[in-house]
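Listed below are the residues making up each chain.
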Amino acid sequence: MSIWKNEYLRYKYFWGTIFGIEFLLDILHMLNALPLAGGIDTVYSFWQMLSWIGIVFLTIYDLFSFFYLNKDRMLHLLPISKYRLLWMKAIVFGTYMLLFFVVSMVRYLIILPDNAAKSLIKVGMIYLLSKMVAIFSFLSLLIMLLLVIKKINNSVFGAIIMASLFVGIVGAQAYGLFHILPIVFTETDDKFHYVEDSFYIISVWLNIGISIISFIASRILFKTQRFNYIEK
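What counts as what
- Residues numbered from 1 in each chain as written.
- Predicted model: local features only at pLDDT ≥ 70, side-chain atom pairs only at ≥ 80, totals over all residues.
- Heavy atoms only, no water.
- Patch = residues over 30% accessible without salt bridge, like charges linked within 9 Å, V, L, I, M, F, W, Y side chains within 5 Å.
- Areas by Shrake-Rupley, 256 points an atom, 1.4 Å probe, with all protein chains shown as cover.
- Salt bridge = Lys/Arg side-chain N within 4 Å of Asp/Glu carboxyl O.
- Buried < 20%, exposed > 50% of the residue type's maximum accessible area, 1.4 Å probe, protein only.
- Helix = DSSP H or I, 4+ residues; strand = E, 2+ residues; numbered from the N terminus.
- Expected span 1.5 Å × (residues − 1).
- Polar contact = N/O pair within 3.5 Å; in protein donor to acceptor, adjacent residues only side chain to side chain.
- pLDDT = per-residue confidence, 0-100.
- Contact = heavy atoms within 4.5 Å.
- Core = buried A, V, L, I, M, F, W, Y, C linked by side-chain atoms within 4.5 Å.
- Phe/Tyr/Trp six-rings, centres within 6.5 Å; stacked < 30°, edge-to-face > 60°.
- Lys NZ or Arg CZ within 6 Å of the ring centre and 35° of its normal.

This part covers a nonpolar patch on the surface. On the surface, a nonpolar cluster with roughly 530 Å² of combined accessible area is contributed by Phe46, Met49, Leu50, Ile53 and Phe57. A relative accessible area of 58% places phenylalanine 57 in the exposed class.

In structure tokens, the structure reads:
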């Protein structure tokens, strides 16, 4: 239990800042103190982009440092599978990611116009489940890539290889979605009158596919390979 507690508190100041700014912006929005451009809260939109970039980079940095660079000797000395510890760390970050998304989603549902959705509960469930799948897809892919580069002794080269593979896989997924999904810039009919009607399930299936492949591949790599856990 102490492992979970330590991991959840490891970056308490980072997560405290993230959620603190989020709630502060919500308060400012309620007080109409934030500027709107075309009905869009530009400050909040910029904050969402910036915060998620920070969260993703911190997640990659922590898992990369632990498993590839073999940092945190105390964890490595524990009689627990390194693969299991890696997933424990991933679950901690995934929990924070999902909680941060839920806070943002509640804000979105509150400000959503009454005639924009047939059911706020349905909209919330659709986006919550899709985000859960997306987070698991990201974490499972990250863990698989860490196992792929683990035997590369040069940390700079290893980081470049991992980043290249990650960008390539995500880029291929985005490219596939671009060709699969219709791109509509102006409303032509009532097909997308409601928010839930504009959701494409194909994106969820792609993430599920990546999750399954990454999870199975990571299990096979860990079971069939011997890795060095001496700090680099």
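Moving on, there is more to tell.
Taking 1.5 Å per residue as the helical rise, helix 5 (residues 82-111) with its 30 residues ought to reach 44 Å, and the 44 Å between its terminal C-alpha atoms agrees with that figure. Residue serine 81 occupies the N-cap position of helix 5, its side-chain oxygen lying 3.2 Å from the main-chain nitrogen of tyrosine 83.

Turning our attention to the pattern of salt bridges. Once their charged atoms are close, side chains differing in charge can pair, the charge on each being opposite to the other. Under the definition given, this model contains 5 salt bridges. With a closest N to O distance of 2.7 Å, glutamate 7 and arginine 10 form a salt bridge. With glutamate 7 and arginine 10 both in helix 1 (residues 2-10) and 3 residues apart, this pair spans about one turn of that helix. Exposure remark for glutamate 7: the relative accessible area of 7% places this residue in the buried category.

With respect to the element layout, isoleucine 149 can be found in helix 6 (residues 120-149). Put simply, isoleucine 149 and isoleucine 161 are 12 residues apart on the chain and 7.3 Å apart in space, counted from C-alpha to C-alpha.

With that settled, consider the confidence of the model for the protein chain. Across the protein chain, the average pLDDT comes to 85, with 88% of residues at 70 or higher. Ranking the elements of the protein chain by mean pLDDT puts strand 1 (residues 36-37) last with 64 and helix 3 (residues 42-68) first with 93. Overall, residues 182-189 carries pLDDT values under 50, and its contacts beyond four positions in sequence, including any with other chains, amount to 3 contacts.

Let's shift gears to the nonpolar core. In a soluble, globular protein the nonpolar side chains are often hidden away together inside. Within the largest apolar cluster, 56 residues are counted, with the highest numbers of intra-cluster contacts made by Leu63, Ile143, Leu146 and Met162. Mapped by element, the contributors of at least two residues to this core are helix 2 (12-30), helix 3, helix 5, helix 6 and helix 7 (155-180). Per-element accounting of this core gives the leading share, 15 residues, to helix 5. In contact with leucine 63, not counting residues within four places along its chain, are Tyr68, Leu86, Lys89, Ala90, Phe93, Leu142, Ile143 and Leu146.

Turning our eyes to something else, we now look at the packing of aromatic side chains. Applying the stated criterion across every chain, the model contains 17 aromatic pairs. Ring geometry for tryptophan 15 and phenylalanine 19: centres 6.4 Å apart, planes at 40 degrees, overall tilted. Residue tryptophan 15 and its partner phenylalanine 19 are both found in helix 2; the two are separated by 4 residues, about one turn of the helix. Here tryptophan 15 and phenylalanine 19 have matching classes, each one buried. An aromatic cluster is defined as three or more aromatic residues linked by ring pairs; in this entry it consists of Trp4, Tyr8, Tyr11, Phe14, Trp15, Phe19, Trp52, Phe93, Tyr96 and Phe100. The ring of tyrosine 44 carries arginine 107 above its face, with NZ or CZ at 3.6 Å from the centroid. For the cation-ring pair, lysine 131 lies above tryptophan 52, with the distance from its terminal atom to the ring centre recorded as 4.5 Å.

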